[in-house]
Amino acid sequence: MKTQYYTASSLDGFIADPSHSLDWLMQFGPVEETSYPAFIRDVGAIAMGSTTYGWLLRHEIRPDSDQPKPWPYTQPTWVFTSRTLPRIPGADIRFVRGDVRPVHREMVDAAGGKNVWIVGGGELAGRFYDHGLLDELIIQVAPVTLGGGAPLFPRAITTPPLRLFSATSYGEGFAELRYEVPRSQAR
């Protein structure tokens, strides 16, 4: 079991543009052409922040549209938020706030030996890192620069550095980088 931050980033280190848009990413087509299908099979629990949840509601689920889509995950999902957010009928979503440590314990139990996925954003992944709970960063680097926006991972990790254990290209533009978090920081 690992706790993994799996996300896409621009070449200059942003996961969303200054307007919180992911249009820059959506131009590259379906996730089925990446490592995502294999990755998600090994995920037993999910964590995300309220901005990520809100983006999913507005751009994917669209609960107020004529044809809303279902929640895309079968795994239990913890949404870290300090405000009241709308629920999605039939989805196993748990709204939480505060310290990530007790929530991580719940997630590990619920994952049943599978991995825990920190969807985003970068600040939430950083909170797991701060408490030694993050094992891996899996970054799909896109061939674009945004010049600003939501940072990939707003933490300094310098000594010891992350350990690159895999680099894979997908298509003509994406590079997937897999890093292990140093054991002095990971749990």
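The notes below deal with the structure included here. Predicted, not measured: the structure shown is a model, and the values here were computed from it.

1. Thoughts on the overall build of the protein chain
Here's step 1: Of regular secondary structure, the protein chain possesses five helices and ten strands.
Here's step 2: The C-alpha atoms of the protein chain give 16 Å as radius of gyration, which agrees with the globular expectation for 187 residues (16 Å, within 12%).
Here's step 3: Dimensions of the protein chain along its principal axes, counting C-alpha atoms only, are 50 × 40 × 30 Å.
Here's step 4: In the protein chain, which comprises 187 residues, the proportion classed as buried is 48%.
Here's step 5: Within the protein chain, counting contacts between residues at least 6 apart in sequence, those at least 24 apart form 74% of the total.
Here's step 6: Just so you have it, the protein chain exposes about 9,700 Å², and 52% of that area is on carbon and sulfur atoms.
Here's step 7: The distance from the centre of the 18 positive side-chain charges to the centre of the 20 negative ones in the protein chain is 7 Å.

2. Structural notes on the packing of aromatic side chains
Here's step 1: One pass over the structure, following the stated rule, counts 13 aromatic pairs.
Here's step 2: A centroid spacing of 6.2 Å and a plane angle of 35 degrees characterise the contact between Y5 and F153, whose relative ring orientation is tilted. Of the two residues, Y5 sits in strand β1 (residues 3–9) while F153 sits in the loop between β8 (150–151) and β9 (163–170), which places them 148 residues apart along the sequence. The same class applies to Y5 and to F153, which are both buried.
Here's step 3: Ring geometry for F28 against F174: centres 5.0 Å apart, planes inclined by 80 degrees, an arrangement best described as edge-to-face. Of this pair, F28 sits in the loop between α1 (23–26) and α2 (36–41) while F174 sits in strand β10 (residues 174–180); the two residues are 146 residues apart in sequence, bridging distant segments of the chain.
Here's step 4: Clustering of aromatic rings is evident, with ring pairs tying together Y6, Y36, F39, Y53, W71, Y73, F95 and W117.

3. Remarks on the environment of T34
Here's step 1: In this structure, T34 sits in the loop between α1 and α2.
Here's step 2: Accessibility expressed as a relative area gives 22% for T34, which makes it partly exposed.
Here's step 3: Taking the C-alpha atoms as reference points, T34 and S169, 135 residues apart in sequence, are found 9.1 Å from one another.
Here's step 4: When neighbours within four sequence positions are excluded, T34 is seen to be in contact with Y6, Q140 and Y170.
Here's step 5: Separated by 3.1 Å, the side chain of T34 and the backbone nitrogen of Y36 make a polar contact.

4. Focus: the pairing of strand β7 (residues 136–141)
Here's step 1: Taken across its six residues, β7 has six buried, putting it largely inside the fold.
Here's step 2: Both faces of β7 are covered, namely the face carrying E136, I138 and Q140 and the face carrying L137, I139 and V141.
Here's step 3: With six bridges connecting them, β1 and β7 associate as parallel partners. Note on β7: the bridge partner recorded for Q4 is E136.
Here's step 4: Sheet topology note: the β7/β10 ladder contains six bridges and is antiparallel.

5. Quick word on helix α3 (residues 50–61)
Because an α-helix completes one turn every 3.6 residues, residues spaced three or four positions apart along the sequence face the same direction.
Here's step 1: Along α3, the positions that sit buried rather than exposed are S50, T52, Y53, G54, W55, L56, L57 and I61.
Here's step 2: For α3, the secondary structure elements touched by its buried residues are α1, β3 (43–49), β4 (77–80), β5 (93–96) and β6 (115–120).

Cut-offs used in this document
Residues numbered from 1 in each chain as written. Predicted model: local features only at pLDDT ≥ 70, side-chain atom pairs only at ≥ 80, totals over all residues. Heavy atoms only, no water. Helix = DSSP H or I, 4+ residues; strand = E, 2+ residues; numbered from the N terminus. Rg over C-alpha atoms; globule rule 2.2 N^0.38 Å. Buried < 20%, exposed > 50% of the residue type's maximum accessible area, 1.4 Å probe, protein only. Contact = heavy atoms within 4.5 Å. Areas by Shrake-Rupley, 256 points an atom, 1.4 Å probe, with all protein chains shown as cover. Lys, Arg positive; Asp, Glu negative; His and termini not counted. Charge placed at Lys NZ, Arg CZ, Asp CG, Glu CD. Phe/Tyr/Trp six-rings, centres within 6.5 Å; stacked < 30°, edge-to-face > 60°. Polar contact = N/O pair within 3.5 Å; in protein donor to acceptor, adjacent residues only side chain to side chain. Pairing = 2+ DSSP bridges.

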